[in-house]
Amino acid sequence: MTSQEPATAHRSRLIEGMAHSVAAKSYADTTVADIVREAGVSKRTFYECFATKQDCLIALYVAASHGALKVLKDAIDPSRDWKTQVEHAMNAYLACLASNPALLRTLFIEILSLGPEGLQVRRRMNQELADFVVQVVNAGHPHTAQDSAETATLAMAVVGGINELVLQAIENNRTADLADLAQPSSALVRAVLAAPR
């Protein structure tokens, strides 16, 4: 093993430790001691990987966001018609989000309690989602630069709209019903991005 490999493994274990801890007791109540206990590493190892508990939460947010984006990407099947493709992808994405309600709450709500750093990472992850939506919409279709810019703006509006639906479900303790959002989310994607310019 190189010196990088143990550090990467420890970092992954600490991120997983953070996930377990915040799912069990919330971010505010999670301590570095909780994280290292869950990860099975020392506090010294924690501080070799992360400067603060906040940095560890941000790393968890990025990892979980990339995981959800991978689920979304894997659900895209270009051989299917547009409507079926969008509904299948939304069902897979929302099922992924619903798989851990306590963690979902932390990632959608508590990340914002970090202030500018939390908002910045949330915007960055939303941009990655919007970029993927643009990539799917533009696949195989020639667009002018103006069309592409408009599609990018509309894709971000769609991502924001779906995020708000998920936030409402979390705030109303209805994360078990996230699958119910697949149809309206799919309708939003089709209405906004498939509408004639």
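The structure we're discussing is the one just above.
Residues numbered from 1 in each chain as written. Predicted model: local features only at pLDDT ≥ 70, side-chain atom pairs only at ≥ 80, totals over all residues. Heavy atoms only, no water.

Colleague: What should I look at first to understand the packing of aromatic side chains in this one?
Modeller: Each aromatic ring pair is summarised here by two numbers: the centre-to-centre distance and the angle between the ring planes. Across all of its chains, the model carries two aromatic pairs by this definition. Taking 5.0 Å as the distance between ring centres and 80° as the angle between the ring planes, the aromatic pair formed by Phe 46 and Tyr 47 counts as edge-to-face. Judged by relative accessible area, Phe 46 falls into the buried class, the value being 0%. For the ring pair Phe 46 and Phe 50, a centre distance of 5.7 Å and an interplane angle of 45° mean the geometry is tilted. (Phe/Tyr/Trp six-rings, centres within 6.5 Å; stacked < 30°, edge-to-face > 60°. Buried < 20%, exposed > 50% of the residue type's maximum accessible area, 1.4 Å probe, protein only.)

Colleague: I'm lost on the environment of Asp 34 in this one. Help?
Modeller: Mapped onto the elements, Asp 34 comes out in helix 2 (residues 32–39). Each C-alpha atom, one on Asp 34 and one on Met 156, is 36 Å from the other, the two residues being 122 residues apart in sequence. Residues within four places of Asp 34 in sequence aside, it is in contact with Ser 21, Lys 25 and Asp 29. A distance of 2.5 Å separates a polar atom in the side chain of Asp 34 from a polar atom in the side chain of Arg 37. (Helix = DSSP H or I, 4+ residues; strand = E, 2+ residues; numbered from the N terminus. Contact = heavy atoms within 4.5 Å. Polar contact = N/O pair within 3.5 Å; in protein donor to acceptor, adjacent residues only side chain to side chain.)

Colleague: Can you help me understand the side chain of Glu 110 in this one?
Modeller: Along the chain, Glu 110 turns up in the loop between helix 6 (101–108) and helix 7 (116–138). Within the buried set, Glu 110 has no salt-bridge partner at all; the shortest N-O distance to an opposite charge, 5.6 Å, is to Arg 105. Beyond its immediate sequence surroundings of up to four residues, Glu 110 is in contact with Ser 26, Tyr 27, Ala 28 and Arg 105. (Lys, Arg positive; Asp, Glu negative; His and termini not counted. Salt bridge = Lys/Arg side-chain N within 4 Å of Asp/Glu carboxyl O.)

Colleague: What exactly am I supposed to notice about the side chain of Asn 163 here?
Modeller: Its location among the elements puts Asn 163 in helix 8 (residues 145–171). A relative accessible area of 5% places Asn 163 in the buried class.

Colleague: What is the right way to read the pattern of salt bridges from this model?
Modeller: Two side chains that carry opposite charge are able to pair once their charged atoms sit near each other. Within the structure shown, the criterion is met by six salt bridges. Where salt bridges share partners, they join Lys 25, Asp 34 and Arg 37 into one cluster.

Colleague: Mind showing me how you'd approach the packing of helix 5 (residues 82–98) against helix 9 (residues 182–193) here?
Modeller: In a packed pair of helices, the relevant descriptors are the angle between the two axes and the axis-to-axis distance. Helix 9 packs onto helix 5 with a crossing angle of 135° between their chain directions and a minimal axis gap of 9 Å. When the interaxial angle is binned, helix 5 and helix 9 end up oblique. The two elements helix 5 and helix 9 meet at a crossing, and its hand is right-handed. On helix 9, the residues that touch Trp 82, Lys 83, Val 86, Glu 87, Met 90, Asn 91 and Leu 94 of helix 5 are Ala 182, Ser 185, Ser 186, Val 189 and Arg 190. By residue class, the composition of the contact of helix 5 with helix 9 is six nonpolar, three polar and three charged. (Axes fitted to C-alpha atoms, helices over the stretch in contact; angles between N-to-C directions. Parallel < 35°, antiparallel > 145°, perpendicular 65-115°, else oblique. Left-handed = near helix turned anticlockwise from the far one by under 90°. Nonpolar A, V, L, I, M, F, W, Y, C, P; charged D, E, K, R; others polar.)

Colleague: Quick question: what am I supposed to make of the nonpolar core here?
Modeller: A general trend in soluble globular proteins is that nonpolar side chains are found buried together. In terms of nonpolar packing, the biggest core is built from 31 residues, with Tyr 93, Leu 94, Leu 97 and Val 166 touching the most fellow members. Elements supplying a minimum of two residues to this core: helix 4 (53–75), helix 5, helix 6, helix 7, helix 8 and helix 9. When residues in this core are grouped by element, the largest group, eight residues, is from helix 8. Filtering out sequence-adjacent residues up to four positions away, Leu 94 remains in contact with Val 166, Leu 178, Leu 181, Ala 182 and Ser 185. (Core = buried A, V, L, I, M, F, W, Y, C linked by side-chain atoms within 4.5 Å.)

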